Amino acid sequence: ASRRGRPAGAMTTAMCDVLEKYAHEPPGPYPHLLGGLTQVLEARGFDQRPRLSSSQPFDVNQKPFSITDFIVPNMNPQLGQAQCPHPKPGRANGVMDIFW
């Protein structure tokens, strides 16, 4: 993907384009933002799917998306990763199997 003639990541470029589209009106709840990202990526021939993660729980259907509003401090009783992440697909025991 490219942005203004310069190389850029597909997801990053799609996010910038969706945010520019909604520059004068917010995109609404998070599913609208993720839907917009999916549409842009599919239209450009990418099979990436946007994902949402957050350190704090919230209702994605009620809370509107905003880059600057609704920022809350970390309310988790424990800081840091609470459990080990699952190994990524194609990896055995967390080690990339590059030699078949």
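One structure accompanies this document, and this report is about it. Remember, predicted model here, so these are calculated numbers, not experimental data.

Things to note about the pattern of salt bridges
Oppositely charged side chains may form a pair once their charged atoms are brought near each other. All chains considered together, the criterion is met by 2 salt bridges. With its nearest N and O atoms 2.4 Å apart, the salt bridge here joins Asp 17 to Arg 44. Of this pair, Asp 17 sits in helix H1 (residues 10-21) while Arg 44 sits in the loop between helix H2 (30-43) and strand S3 (91-92), and the two are 27 residues apart along the sequence. Of the residues examined, Arg 44 reaches a relative accessible area of 41% and is grouped as partly exposed.

As for the packing of H1 against H2
The interhelical angle for the contact between H1 and H2, taken along N-to-C directions, is 120°, at an axis separation of 9 Å. When the axes of H1 and H2 are compared, the pair comes out oblique. Note that H1 runs across H2; the crossing there is right-handed. Residue-level contacts link Ala 10, Met 11, Ala 14, Met 15, Val 18 and Leu 19 of H1 to Leu 33, Gly 36, Leu 37, Val 40 and Leu 41 of H2.

A word on H2
For H2, with 14 residues, the first-to-last C-alpha span of 20 Å sits near the 20 Å given by 1.5 Å per residue. Residues of H2 that are buried: Tyr 30, Leu 33, Gly 36, Leu 37, Thr 38, Val 40 and Leu 41. Gly 45 occupies a position one or two residues after H2 and carries a positive phi of about 85°.

Considering the packing of aromatic side chains
For the coordinates displayed, the defined rule picks out 2 aromatic pairs. For the pair Tyr 30 and Phe 58, a centre-to-centre distance of 5.1 Å together with 55° between the ring planes defines the contact as tilted. Here the residue Tyr 30 occupies a position in helix H2, and Phe 58 occupies one in the loop between H2 and S3, the gap between them amounting to 28 residues. With a relative accessible area of 10%, Tyr 30 lands in the buried category. Phe 58 gets classed as partly exposed once you look at its relative accessible area, which sits at 29%. Each ring, one from Tyr 30 and one from Phe 65, has its centre 5.5 Å from the other, and the planes form 85°; the classification is edge-to-face.

Reading the values: the criteria
Residues numbered from 1 in each chain as written. Predicted model: local features only at pLDDT ≥ 70, side-chain atom pairs only at ≥ 80, totals over all residues. Heavy atoms only, no water. Salt bridge = Lys/Arg side-chain N within 4 Å of Asp/Glu carboxyl O. Helix = DSSP H or I, 4+ residues; strand = E, 2+ residues; numbered from the N terminus. Buried < 20%, exposed > 50% of the residue type's maximum accessible area, 1.4 Å probe, protein only. Axes fitted to C-alpha atoms, helices over the stretch in contact; angles between N-to-C directions. Parallel < 35°, antiparallel > 145°, perpendicular 65-115°, else oblique. Left-handed = near helix turned anticlockwise from the far one by under 90°. Contact = heavy atoms within 4.5 Å. Expected span 1.5 Å × (residues − 1). Phe/Tyr/Trp six-rings, centres within 6.5 Å; stacked < 30°, edge-to-face > 60°.

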